[in-house]
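Residue strings, one per chain:
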Amino acid sequence: MAAADRILAGEGVVLGTARPDLADPDWFLDAVTGRRAPEDTLAFRIDHRDESVTGNIKSVWEVSRHHHVTILAAAWWLTEDTRYAEAAAAQLRSWWLANPFLSGIHWTSGIELGVRLISWAWTRRLLDGWPGVVALFEENPVALAQLSWHQEYLAAFPSRGSSANNHLVAEATGRLVAACAFPWFAQSEGWRRAAADQLEQALTANTFPSGVNRELATDYHRFVTELALVAGVETGVAGHPLSPSLRDLAVRSLDAAAAQLDVAGRPPRQGDGDEGRALVLDDQDEDPWEVLLATGAGTVGRCSWWPEARPGVTSTLLSALYASAEAEAADDIVRAMGARPRVRPQDFADAGLHVLRTPAGREPEIWCRCDGGPHGFLSIAAHAHADALSIEVRHDGVELLVDPGTYCYHGEQEWRSYFRSTRAHNTVEVDGADQVMSAGPFLWSGRADAAGDTVTTTAGGSQAWSAHHTAYARLDPELRHDRQVELDEDGGRLSVRDTLMSGTTHRARLSWHLGPAVTAELGDGVAHLSWEGRGGESHQGRLTLPSGLTWSTHRGESDPPLGWYSPRFGTRVPSTTLVGVGEWQGLLELRSTLHLQLDADTTSPAHRQQVGERV
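Described in the following lines is the structure provided in the data block. (Residues numbered from 1 in each chain as written. Predicted model: local features only at pLDDT ≥ 70, side-chain atom pairs only at ≥ 80, totals over all residues. Heavy atoms only, no water.)

1. Topic: the overall build of the protein chain
Rules: Starting at the N terminus, helices and strands are each numbered in turn, a helix being any DSSP run of H or I of at least four residues and a strand any DSSP run of E of at least two. Here the radius of gyration uses the C-alpha set of atoms, whereas the globule reference equals 2.2 Å times the residue count to the power 0.38. A contact between two residues is defined here by any heavy atoms of the two lying within 4.5 Å. Surface accessibility in these figures is a Shrake-Rupley result with a 1.4 Å probe; residues are shielded only by whichever protein chains are displayed. By the counting rule applied here, Lys and Arg register as positive and Asp and Glu as negative, while His and the ends of each chain are not counted. Every charge is mapped onto a representative atom, which is NZ of Lys, CZ of Arg, CG of Asp or CD of Glu.
Along the backbone of the protein chain there are 17 helices and 25 strands. For 615 residues, the compact-globule formula gives about 25 Å, and the C-alpha radius of gyration of the protein chain, at 25 Å, lands near that figure. Projected onto the principal axes, the alpha-carbon positions of the protein chain cover approximately 75 × 55 × 45 Å. Partitioning the contacts of the protein chain with sequence separation of at least 6, the portion at a separation of at least 24 is 69%. Accessible area for the protein chain stands at about 22,800 Å²; split by element, carbon and sulfur atoms hold 51% of it. Where the 53 positive side-chain charges of the protein chain centre and where its 81 negative ones centre are 2 Å apart.

2. With respect to the sheet that holds strand β8 (residues 428-430)
What counts, and what does not: In this scheme, strands are said to pair when DSSP sees at least two bridges between them. In this analysis, axes come from line fits to C-alpha atoms, helices being fitted only over the stretch in contact, and the angle between any two N-to-C directions falls in the range 0 to 180 degrees.
One open sheet accounts for four strands, arranged β8-β15-β24-β19; its pairing is antiparallel. Each of the sheet's edge strands pairs with one partner strand only, and the pair in question is β8 and β19 (550-555). Here the average twist between neighbouring strands, direction ignored, is 25°. As paired elements, β19 and strand β24 (residues 576-584) share six bridges and run antiparallel to each other. When the sheet's bridge partners are listed, Arg-555 is paired in β24 with Thr-576.

3. Here's the deal with the pattern of salt bridges
Formally: What counts as a salt bridge is simple: a side-chain nitrogen of Lys or Arg found within 4 Å of a carboxyl oxygen of Asp or Glu. Burial classification: accessible surface area is computed with a 1.4 Å probe over protein chains only, and a residue below 20% of its type maximum counts as buried, one above 50% as exposed, and the rest as partly exposed.
The full count for this structure, using the stated rule, is 40 salt bridges. When the shortest N-O distance is used, the salt bridge between Asp-21 and Arg-19 registers 2.8 Å. The exposure class of Asp-21 is buried, given its relative accessible area of 19%. A relative accessible area of 2% places Arg-19 in the buried class.

4. Some points on the side chain of Gln-151
Let me state the cut-off plainly: Here a polar contact is recorded for every N or O atom pair within 3.5 Å, except that within protein the pair must consist of a potential hydrogen donor and a potential acceptor, and residues adjacent in sequence are included only if both atoms are side-chain atoms.
Within the fold, Gln-151 resides in helix α8 (residues 141-156). Among the polar contacts listed, one links the side chain of Gln-151 to the backbone oxygen of Leu-147, at a separation of 3.0 Å. With near-sequence residues (within four places) excluded, Gln-151 lies in contact with Leu-117, Arg-175, Ala-178, Ala-179, Phe-185 and Trp-191.

5. Some remarks on the layout of surface pockets
Going by this rule: Each cavity reported here is a set of points on a 1 Å grid over the protein atoms alone in which a 1.4 Å probe fits but cannot get out, each pocket an open set with protein on both sides within 12 Å along at least five of seven lines, and each lining residue one with an atom within 4 Å of a point. Grid points are joined across faces, edges and corners, and a volume is the space filled by probe spheres set on the points. Each residue gets one label: Ala, Val, Leu, Ile, Met, Phe, Trp, Tyr, Cys and Pro are nonpolar, Asp, Glu, Lys and Arg are charged, and the others, such as Gly, are polar.
Computed from the structure, the largest pocket encloses a volume of approximately 1,100 Å³. As for the largest pocket, its lining consists of 45 residues, of which Glu-275, Gln-284, Pro-288, Arg-568 and Phe-569 are closest to the centre. Listing elements by their share of the lining of the largest pocket, those giving two or more residues are α1 (2-8), β1 (12-14), α3 (57-63), α4 (67-79), α11 (218-237), α13 (288-299) and β22 (564-568). Within the lining of the largest pocket, the residues separate by chemical class into 16 nonpolar, twelve polar and 17 charged. Approximately 620 Å³ is the volume found for the second largest pocket.

6. Quick notes on the pairing of strand β16 (residues 519-522)
Bridge analysis of β16 against strand β17 (residues 526-532) gives four bridges, and the strand direction is antiparallel. Across the sheet, residue Glu-521 finds its bridge partner in β17, namely His-528. Hairpin connection from β16 to β17: three residues lie between these consecutive antiparallel strands, with Gly-525 at a positive phi of about 75°.

7. Let's talk about unusual backbone geometry
The linkage connecting Glu-363 with the following residue, Pro-364, adopts the cis geometry, with an omega of -10°. Inspection of the secondary structure puts Pro-364 in the loop between β4 (353-357) and β5 (366-371). A cis amide bond links Asp-559 with the next residue in sequence, Pro-560, at an omega value of 0°. When you line up the elements, Pro-560 lands in the loop between β20 (557-558) and β21 (561-562).

8. As for empty space enclosed by the protein
Evaluated as defined, the whole model comprises six cavities of 30 Å³ or more. Here the largest cavity is characterised by a volume of approximately 110 Å³. For the largest cavity, the lining is made up of twelve residues, of which Ala-228, Leu-229, Gly-232, Arg-247 and Val-300 are closest to its centre. Among the secondary structure elements, those contributing two or more residues to the lining of the largest cavity are α11 and α12 (244-260). The greatest single-element share of the lining of the largest cavity, amounting to four residues, is contributed by α11.

9. Structural notes on the packing of α4 against helix α6 (residues 110-126)
Heads up, the rule is: An angle below 35 degrees is treated as roughly parallel, one above 145 as roughly antiparallel, one from 65 to 115 as roughly perpendicular, and anything else as oblique. Helix crossings are classified by the rotation of the near helix relative to the far one: an anticlockwise turn of less than a right angle makes the crossing left-handed, while a clockwise turn makes it right-handed.
Closest axis-to-axis distance for the α4/α6 pair is 9 Å, and the angle between their directions is 15°. The pairing of α4 with α6 is recorded here as roughly parallel in orientation. Here α4 and α6 pass one another in a crossing that is left-handed. In this structure, α4 contributes His-67, Val-69, Thr-70, Ala-73, Ala-74, Trp-76 and Trp-77 to the contact, and α6 contributes Val-115, Ser-119, Trp-122, Thr-123 and Leu-126. In terms of residue class, the contact of α4 with α6 is made up of eight nonpolar, four polar and no charged.

10. Side note on the packing of helix α5 (residues 82-98) against α8
How two helices sit against one another is set out by the angle between their axes and by the gap between those axes. Look at α5 against α8: their axes get within 10 Å of each other, and the N-to-C directions meet at 65°. Helix-helix and strand crossings are classified by hand; for α5 and α8 the assignment is left-handed. Of the residues in α8, those touching α5 at Trp-95, Trp-96 and Leu-97 are Val-142, Ala-143, Gln-146 and His-150.

11. Some thoughts on the packing of aromatic side chains
Working definition: an aromatic ring pair is given by the centre-to-centre distance plus the angle between the planes. Defined as follows: Any two of the Phe, Tyr and Trp rings considered here, Trp counted by its six-membered ring, make a pair once their centres fall within 6.5 Å; the pair's planes then place it as stacked at under 30 degrees, edge-to-face at over 60, or tilted in between.
Enumeration according to the criterion identifies 18 aromatic pairs in this entry. An angle of 65° between the planes, with centres 5.0 Å apart, marks the rings of Phe-182 and Trp-184 as edge-to-face. Taking relative accessible area as the criterion, Phe-182 reaches 0% and is therefore assigned buried. Ring centres of Tyr-418 and Phe-419 lie 5.3 Å apart, and the angle between their planes is 80°; this geometry places the pair in the edge-to-face category.

12. Regarding the side chain of Asp-403
Along the chain, Asp-403 falls in the loop between β7 (398-401) and α16 (413-419). Asp-403 has contacts with Arg-269, Gln-270, Gly-271, Arg-369, Asp-387, Glu-392, His-425, Asn-426 and Tyr-565, leaving out every residue within four places of it along the chain.

13. Details of the pairing of strand β23 (residues 571-574)
Across three bridges, the pairing between β22 and β23 is antiparallel. Bridging across to β23, Arg-568 finds its partner in Thr-571. Counted between consecutive antiparallel strands, the loop separating β22 from β23 contains two residues, among which Gly-570 sits at a positive phi close to 90°.

As structure tokens, then:
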């Protein structure tokens, strides 16, 4: 309710930027640069990648996904206060009139149309019972035209080839939801069948058998899983449930998402992330991962090892609709649930993703995400970073060694290049070059694939992971980087051993990027770390750095960029980066050890049981 009231008061925030006009938006305004994108130019003649033409395109597009409209509609559903319904209706009428078919920036990207259709379907559903809803939709020629145009566009211009990633999943989901929710057209049944087939093909192609999204960008894993859940609910309500194989894939994606979260419920930060949402009915500041897990728990059910998730408007409504779907669909889900993991998975070998972590219930948790898999999805790996063998480390949910995030897509080329570069990640850069060269903001000239080697666990409380890559073979055919990461649960130590082999002389650069809450004092080969825990308590750690390299600290530098962290899309804050550089030829071994204070309760039954089992 507070979120809806802020929208009415014009106090909106979109991707970190204030939108005081959100009560009556300028649909073509980029609030970041102040530019206005074209509104009456043929869509196919607009270069939406040119900021001088469109402004920051993500900022322009985001408002027209109409997530704020579904919040207003949800507020009416909760209260029947006509202010919310009238505001939602006014916004839709405004947008429909301002955006005739193929005119302007909002017809340049299919994913935007797909997400918009989902918002419209839910606006109509939530406003059902409001006296003006039929006049807004069924009896409104402009609304009917827009619904038809959107579906015709998506049928004619799907994302293809190397762009058939989350975009295609969103386009297919939008088509499918619209055909089910608005079966008012002669083509509706054909659109529904075609969209269902398209969604099954796209989601299958985009997902590893383990359930991890093939783009290897964690935020897009969540987005695509949301889309699958929304599609599953909508088709079930319409009496055309998704195939059992597709529903099973959605369940595996949910389980993979839940398994990667740390003790604070936070996901990894691998690859790009732009906070994309399939459907927003709660305050947009609510944790989208908690919304996802609550929705999953209320629809397909949760595994016993899932973290708890507080329900909200989105999860409650989707769960209620799911419960009303055909019994046959529910039976298929129950059968699929029989194959679900009984314990929390840590290794997703097909995705090259592994999580080292202390056992559940042992506090404080040490969590480490290791990256040793494919570079990204399809040939351009659009949302991948040059981050092979990088790691993230957290202590009781506080980020110690971080992936810096995304920050931006268009318009700030230097910053886009930095945040996806090798030097921006916790891995080794060679000769000042990325592991793979960038050919554009969403394009790589090759691949930096890594390969997992071993995963081991010992009875003594040690877990280890190792992998390697040869992405720098373009510089030296003999150049290979191997990394082994070992977690000593009892000793509270995380050890990283990097081994580089070469045939000629090269310059190595090892980076350790610290979380924004971590302060560091660099001494003789040791960085003394301190940070505040989630409960306000003080913690200290020690990072022993490899000898043979010259170490320095960097924070908030801009020429060139170094020492930055992006907590959300469109925002960056200074953070400390430790950089070690040195030349080598032949064999180079680098050992880094993170020593953490473990204040575990050694009197707890769980700890006594673990000790007893090891003895």
